[in-house]
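Coordinate inspection notes
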Amino acid sequence: MIVQARNVSKTYGSNGHLNKALDNITMTILEGEFVGLMGPSGAGKTSLLNIFSTIDTASSGEIKIMGKDINAMKEAELANFRRHELGFVFQDYHLLDTLSVKDNIVLPLALSGVPVHEIEKRAQEIAHKLDLVDVLSQFPYQISGGQKQRAAVARAMIAKPRLVLADEPTGALDSKAATDVLERLQTLNQTDRATILLVTHDAYAASFCQRIIFMKDGRFDQELDRRGRSRVEFFHVILDMLATLGGNA
Ligand SMILES: Nc1ncnc2c1ncn2[C@@H]1O[C@H](COP(=O)(O)OP(=O)(O)OP(=O)(O)O)[C@@H](O)[C@H]1O
Ligand SMILES: [Mg+2]
């Protein structure tokens, strides 16, 4: 099991202004799964991802990632764990403005001490696949939102992590770029056996997943499994579910 969460709750704020973002979530993600997380704005999707990313902590509950109790890990151990096992794409990219696009992308490799020629090779490879070659020497404030998002996806994938946590990785992309990113994620999942948890509002992006969890008010509401369906068939099943749930998910 890659993720095991039991009775996870998250409350923000203090004294009178409490906001319960996650309400007793229990879930399991198996190795090699490609799971989608949908639900309206404010449902708690980012809150859950940030906790699995070890970037934020739960108010209560138990979380094991790859069998390790993340609440019990010390900061140095957590940093090492994040660097070697996890890849993140944040909703607002989190690129460092003081580093070039290329240096942002290769940061996980540089921190892990991968040799320079190997870093260079992988940077070129991923830049080609995500159409970033022309902007590698630019800085994040000089490129478009879609380019930033693709750079964030490249950074999350470059070290071939075992678990990728992606928060709206295609929200700012046109349909061709979104398809490229989703196909890259699919390859990472199928070829490199990475486990993926993908937050999205978009039924098309969700249709690349094998299983989709729909959240509402900090809880799990519904779940869909792709089973033997084609991606296009699953896309229509997701649209039907969104229509049934009402509102935007
Ligand atoms: N740092 C914070 N401090 C206080 N409240 C927060 C904080 N982060 C999130 N919340 C609240 O927690 C709830 C869940 O927010 P979260 O960001 O997890 O939603 P989401 O499902 O990711 O929404 P979106 O689709 O808009 O990204 C919301 O009510 C939000 O206002
Ligand atoms: Mg969010």
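Just above, that's the structure.
Residues numbered from 1 in each chain as written. Chains lettered and ligands numbered in written order. Predicted model: local features only at pLDDT ≥ 70, side-chain atom pairs only at ≥ 80, totals over all residues. Heavy atoms only, no water.

This paragraph deals with the environment of isoleucine 55. On the secondary structure map, isoleucine 55 appears in the loop between α1 (45-52) and β4 (60-65). Residues isoleucine 55 and leucine 18, spaced 37 residues apart in sequence, show a C-alpha to C-alpha distance of 20 Å. Not counting residues within four places of it along the chain, the set of residues in contact with isoleucine 55 comprises Asn50, Phe88 and Phe90. (Helix = DSSP H or I, 4+ residues; strand = E, 2+ residues; numbered from the N terminus. Contact = heavy atoms within 4.5 Å.)

Take the pattern of salt bridges next. Counted by the stated rule, this structure contains 11 salt bridges. Among the ionic pairs, glutamate 33 bridges to arginine 211, the shortest N-O distance being 2.9 Å. Residue glutamate 33 is found in the loop between β2 (19-29) and β3 (34-38), and its partner arginine 211 is found in strand β9 (residues 211-216); the two are separated by 178 residues along the sequence. Its relative accessible area of 18% is what places glutamate 33 among the buried residues. Glutamate 120 is the partner of lysine 102 in a salt bridge, and the nearest nitrogen-oxygen pair spans 2.8 Å. With a gap of 18 residues between them, lysine 102 in helix α3 (residues 101-111) and glutamate 120 in helix α4 (residues 116-129) connect regions that are remote in the sequence. Look at lysine 102 and you get partly exposed, because its relative accessible area is 23%. The network of salt bridges with common partners includes Lys20, Asp23 and Arg219. (Salt bridge = Lys/Arg side-chain N within 4 Å of Asp/Glu carboxyl O. Buried < 20%, exposed > 50% of the residue type's maximum accessible area, 1.4 Å probe, protein only.)

On to the packing of aromatic side chains. Going through the model one piece at a time under the given rule, you end up with 3 aromatic pairs. An angle of 35 degrees between the planes, with centres 5.5 Å apart, marks the rings of phenylalanine 88 and phenylalanine 90 as tilted. There is no split in this pair, since phenylalanine 88 and phenylalanine 90 are both buried. Considering the side-chain rings of tyrosine 204 and phenylalanine 208, the 5.4 Å spacing of their centres and the 85 degrees angle between planes classify their relative orientation as edge-to-face. Look at tyrosine 204 and you get partly exposed, because its relative accessible area is 23%. (Phe/Tyr/Trp six-rings, centres within 6.5 Å; stacked < 30°, edge-to-face > 60°.)

Quick look at the coordination of the magnesium ion (ligand 2) now. Six octahedral donors around a metal ideally subtend angles of 90 or 180 degrees, whereas four tetrahedral donors ideally subtend 109.5 degrees. In the first shell of the magnesium ion (ligand 2), the protein supplies Thr46 (OG1) and Gln91 (OE1), at 1.9 to 2.4 Å from the metal. Remark: glutamine 91 occurs in the loop between β6 (86-89) and α3 and threonine 46 occurs in helix α1; sequence separation between them is 45 residues. Owing to a relative accessible area of 26%, threonine 46 belongs among the partly exposed residues under this scheme. (Donors = N, O, S within 2.8 Å, 3.2 Å for Na, K, Ca; no water.)

Bringing unusual backbone geometry into the picture now. With phi around 70 degrees, threonine 54 is a residue other than glycine that occupies positive phi space. Turning to its location among the elements, threonine 54 is positioned in the loop between α1 and β4. Look at threonine 54 and you get buried, because its relative accessible area is 8%. The residue arginine 193 is not glycine, and still its phi comes out positive at about 60 degrees. With respect to the helices and strands, the residue arginine 193 is situated in the loop between α6 (175-190) and β8 (195-199). For arginine 193, a relative accessible area of 47% translates into the label partly exposed.

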